[in-house]
Amino acid sequence: MTDSPAVTARVSGFSPWEDVYGFSRAVAAGDFVLVSGCTAFDNGLIHGEGDPYEQTVAAFGLALKALAHYGLTEADVVRTRMYITHVRDSDEVGRAHKKLFDAVRPATTLVVVEGLIDSRMMVEVEVDAHRPGLANSLEGSNQP
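Residues numbered from 1 in each chain as written. Predicted model: local features only at pLDDT ≥ 70, side-chain atom pairs only at ≥ 80, totals over all residues. Heavy atoms only, no water.

Of the regular secondary structure elements, the chain holds four helices and eight strands. Mapped from its N terminus to its C terminus, the chain presents α and β elements in the order β-α-β-β-β-β-α-β-α-β-β-α. Within the chain, the proportion of its 144 residues that are buried is 41%. Contacts spanning at least 24 positions in sequence make up 70% of the contacts within the chain whose residues lie at least 6 apart. Per element, the accessible surface of the chain, about 7,800 Å² overall, is 50% carbon and sulfur. (Helix = DSSP H or I, 4+ residues; strand = E, 2+ residues; numbered from the N terminus. Buried < 20%, exposed > 50% of the residue type's maximum accessible area, 1.4 Å probe, protein only. Contact = heavy atoms within 4.5 Å. Areas by Shrake-Rupley, 256 points an atom, 1.4 Å probe, with all protein chains shown as cover.)

The structure is reproduced here in structure tokens:
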């Protein structure tokens, strides 16, 4: 049995729910970075209200912003998960995903859920990224 990778860094400060619910926006574990669910909610506003494509782009934008704290980009993304509130939005959400990740082609999941924390939110996304040697580059540093 091997030991699980040590958590090397956490990124917070993206959501008002982080302190309320006790989570980090992103956590580096070994050479992986796991980004918590992101929506189009940013700075107290819902971006693209009523537009599943724009909400998806905004949500992935926040996830990629969290990855950037570790020096990672969409090219490092190995898995995405998308949770949508209406099956009718799947094509628009998929179109936004393709725009961002067509060259990368991560493993992905798209699930229809009953609802999200705010009824104006139409999509929530999660991102997992990997870069060989990331843990070594973060070890002993003050980042992120």
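It is worth spelling out the pairing of strand S6 (residues 77-84) at this point. In regular strands, side chains alternate between the two faces of the sheet. Sheet topology places S6 next to strand S8 (residues 123-130); seven bridges connect them, and they run antiparallel. Each residue of the ladder has a partner; that of Tyr-83, found in S8, is Glu-124. The pairing of S6 with strand S7 (residues 107-112) spans six bridges and is classified as parallel. Bridge pairing in S7 links Arg-81 to Thr-109. Handedness of the crossover joining S6 and S7 through helix H3 (residues 90-101): right-handed. (Pairing = 2+ DSSP bridges. Right-handed = clockwise from strand over helix to strand, strands pointing away.)

Looking now at the packing of aromatic side chains. Across all of its chains, the model carries one aromatic pair by this definition. Summarising the aromatic geometry, the rings of Phe-60 and Phe-101 are spaced 5.0 Å apart at their centres and angled 75 degrees between planes, so their arrangement reads as edge-to-face. With Phe-60 in helix H2 (residues 52-68) and Phe-101 in helix H3, this residue pair connects regions lying 41 residues apart in the sequence. Phe-60 sits in the buried class, given a relative accessible area of 0%. Residue classification places Phe-101 among the buried positions, given a relative accessible area of 1%. Directly above the aromatic system of Tyr-53 lies the positively charged group of Arg-95, at a separation of 3.9 Å from the ring centroid. (Phe/Tyr/Trp six-rings, centres within 6.5 Å; stacked < 30°, edge-to-face > 60°. Lys NZ or Arg CZ within 6 Å of the ring centre and 35° of its normal.)

What follows concerns unusual backbone geometry. Apart from glycine, the bulk of residues carry a negative phi angle, and the bulk of peptide bonds sit in the trans form. The phi dihedral of Arg-105 falls on the positive side, at around 55 degrees, and the residue is not glycine. Note on placement: Arg-105 falls in the loop between H3 and S7. Residue classification places Arg-105 among the exposed residues on the basis of a relative accessible area of 60%.

On to the pattern of salt bridges. Under the definition given, this model contains eight salt bridges. Residue Asp-102 pairs with Arg-105 through a salt bridge whose shortest N-O separation is 2.8 Å. A single network of salt bridges, built from pairs that share partners, joins Arg-81, Glu-126 and Asp-128. (Salt bridge = Lys/Arg side-chain N within 4 Å of Asp/Glu carboxyl O.)

Next up on the list: the environment of Gln-55. Mapped onto the secondary structure, Gln-55 falls in helix H2. Between the C-alpha atoms of Gln-55 and Ala-96, which are 41 residues apart in sequence, the distance is 9.0 Å. Non-local contacts of Gln-55, meaning those with residues more than four positions away in its chain, are made with Ala-40, Ile-46, His-47, Gly-48, Glu-49, Gly-50, Arg-120, Met-121, Met-122 and Val-123. Within polar-contact distance, the side chain of Gln-55 engages the backbone oxygen of Arg-120 at 3.0 Å. Only 2.7 Å separates the side chain of Gln-55 from the backbone nitrogen of Met-122, close enough to count as a polar contact. (Polar contact = N/O pair within 3.5 Å; in protein donor to acceptor, adjacent residues only side chain to side chain.)

These results come straight from atomic positions and should not be treated as a statement about function.
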